[in-house]
Amino acid sequence: MREHEPAGPRQEHALVRLTAQRERLFAIAYRMLGSVEDAEDLVQETFIRWARVDPNTIESPAAWLTTVVTRLALNQLQSARKTREAYIGPWLPEPMLTLDEPSPSDRAELADSLSIAFLAVLERLTPRERAVFLLRDVLRTSMKRSHGCSSYRRQTAARCFIGRANVSPPRPRGFTPIDEHTPNSSRVSSAL
Amino acid sequence: VTSGDVDGVVQLLAGDAVLWADGGGQVRAAALRPIRGALRVARFLVGVTKKTSREQLVIATRMVNGFPALVASVGGVAQRVVTIDVRNGRIVGVYAMANPAKLNGMRQPRMIGE
């Protein structure tokens, strides 16, 4: 990422880790905005900002990236509110084609949090409530598992938003584990 | 739905099922208000399918946002994406995306990110 330094093993390692972050950051931005293209733009913007900071000053790149992408999404959502209010008919999140590999059960909750039904419910929250809810209740488990963030740090990131937003958002209806309805979904879709 | 069997579709729906359609004001077939009730949702789905079947629509089941969904395409380009929300074996919500500006995510599949 750093142009003035030759890419040594350390930089390459950092680059590999950043690439692995891309998918995760996209999922956060997409859950916030419900738009594929806008989410991609925000991930790009997040990486541009990352390239401008000194990595030595950042304790946890994953947490830093999460914070930046969430704040950018929050800003965008706030400015998009008027447009969405003036939208003709119901506003629904953009559907996104996903790879049709069966989700292992430990990723079930994660998959469910990307469903159109769930994202449509998130639209009822204010932008800040949405950010708080996503960081605190939805991304909690996956961050812990795959990025080794200490629970202390995760709590801090979430509390940072909760403190600013000063809200305790209601748990949206529709956040149930996938295994409750997967067999039925496939039955229903085959019936259709 | 494609067979035009309204009663059969009603059987799959919860009594208080709701259909939301997003046409972005550009698509005539998209209802501007949510459609409530199993019978009305079923009639709408069957009616819309009948109307659009004259066009060169190909309807397939694809994974959308991690769940099975119906995708209607013309020449490989998605025109309508219908996702469902299932509780206790019945469809409680039907989400129909018809706004062409909001179908870019259907071009190529993605991994589900964490």
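Above: the structure in question.
Calculation notes
Residues numbered from 1 in each chain as written. Chains lettered and ligands numbered in written order. Predicted model: local features only at pLDDT ≥ 70, side-chain atom pairs only at ≥ 80, totals over all residues. Heavy atoms only, no water. Helix = DSSP H or I, 4+ residues; strand = E, 2+ residues; numbered from the N terminus. Buried < 20%, exposed > 50% of the residue type's maximum accessible area, 1.4 Å probe, protein only. Contact = heavy atoms within 4.5 Å. Areas by Shrake-Rupley, 256 points an atom, 1.4 Å probe, with all protein chains shown as cover. Axes fitted to C-alpha atoms, helices over the stretch in contact; angles between N-to-C directions. Left-handed = near helix turned anticlockwise from the far one by under 90°. Nonpolar A, V, L, I, M, F, W, Y, C, P; charged D, E, K, R; others polar. Salt bridge = Lys/Arg side-chain N within 4 Å of Asp/Glu carboxyl O. Pairing = 2+ DSSP bridges. Phe/Tyr/Trp six-rings, centres within 6.5 Å; stacked < 30°, edge-to-face > 60°. Lys NZ or Arg CZ within 6 Å of the ring centre and 35° of its normal.

Moving on, we come to the overall build of chain A. A tally of regular secondary structure across chain A gives nine helices and zero strands. Across chain A, helices and strands are ordered from the amino to the carboxyl terminus as α-α-α-α-α-α-α-α-α. Looking at chain A as a whole, 47% of its 192 residues qualify as buried. Relative to all contacts within chain A whose residues are 6 or more apart in sequence, the contacts with residues 24 or more apart total 73%. Surface summary for chain A: the accessible area is close to 9,900 Å², and the carbon and sulfur share equals 51%.

What describes two packed helices is the angle between their axes and the distance between those same axes. All names here are of chain A. Running from N to C, helix α3 (residues 61-85) and helix α6 (residues 127-138) cross one another at 145°; their axes reach a closest spacing of 9 Å. The chirality of how α3 crosses α6 is right-handed. Residue-level inspection shows Thr 66, Thr 70, Leu 74, Leu 77, Gln 78, Arg 81 and Arg 84 of α3 in contact with α6, the latter providing Pro 127, Arg 128, Arg 130, Ala 131 and Leu 135. Its residues assigned to classes, the contact of α3 with α6 shows five nonpolar, three polar and four charged.

A word on the environment of B:Gly23. Inspection of the secondary structure assignment puts B:Gly23 in the loop between β1 (13-22) and β2 (35-36). Spatially, the C-alpha atom of B:Gly23 lies 14 Å from that of B:Asn104, the residues being 81 residues apart in sequence.

Let us look at the pattern of salt bridges. Tallied over the entire structure, the rule returns six salt bridges over all chains. Note that A:Glu40 is salt-bridged to B:Arg110, the shortest N-O span being 2.0 Å. Pair noted here: A:Glu40 is in helix α2 (residues 36-52) and B:Arg110 is in the segment after β6 (90-97), and the two residues belong to different chains. Note on A:Glu40: relative accessible area 35%, which makes it partly exposed. The salt bridge partner of A:Glu45 is A:Arg49, with a shortest N-O separation of 2.9 Å. Of this pair, A:Glu45 and A:Arg49 both sit in helix α2, four residues apart, which is roughly one turn of the helix. A:Glu45 sits in the partly exposed class, given a relative accessible area of 26%. Each of A:Arg84, A:Glu123 and A:Arg130 takes part in a single network of salt bridges with overlapping partners.

On to the sheet that holds β6(B). All names here are of chain B. Read across the sheet, six strands follow the order β2-β1-β6-β5-β4-β3 without closing on themselves; strand pairing throughout is mixed. Bordering the open sheet on either side are β2 and β3 (58-64), each of which pairs with just one other strand. One ladder, built from seven bridges, connects strand β5 (residues 77-87) with β6; its direction is antiparallel. Note that in β6 the partner of Val 81 across the bridge is Met 97.

Bringing the side chain of B:Asn65 into the picture now. Structurally, B:Asn65 is set in the loop between β3 and β4 (67-74). Beyond its immediate chain neighbours, meaning those up to four positions away, B:Asn65 contacts A:Tyr30, A:Glu94, A:Pro95, A:Met96, A:Thr98, A:Ala111, A:Leu114, A:Ser115, A:Ile116 and A:Leu119.

All right, on to the packing of aromatic side chains then. In the structure shown here, the tally under the stated rule is four aromatic pairs over all chains. The interplanar angle of 65° and the centroid separation of 5.4 Å between the aromatic rings of A:Trp50 and A:Trp64 together place this pair among those described as edge-to-face. One end of the pair, A:Trp50, is in helix α2; the other, A:Trp64, is in helix α3, with 14 residues separating them in the sequence. A cation over an aromatic ring shows up here: A:Arg84 above the ring of A:Trp91, its NZ or CZ 3.8 Å from the ring centre. A cation over an aromatic ring shows up here: B:Arg110 above the ring of A:Phe26, its NZ or CZ 3.8 Å from the ring centre.

Residues and elements named next belong to chain B. Burial analysis of β6 places seven of its eight residues in the buried class, which makes it a mostly covered element. In this structure, β1 lies alongside β6, joined through six bridges in parallel fashion. Bridge pairing links Val 18 to Gly 93 in β6. If you look at the hairpin formed by β5 and β6, you'll find two residues sitting between the two strands, and Asn 88 has a positive phi there, around 50°.

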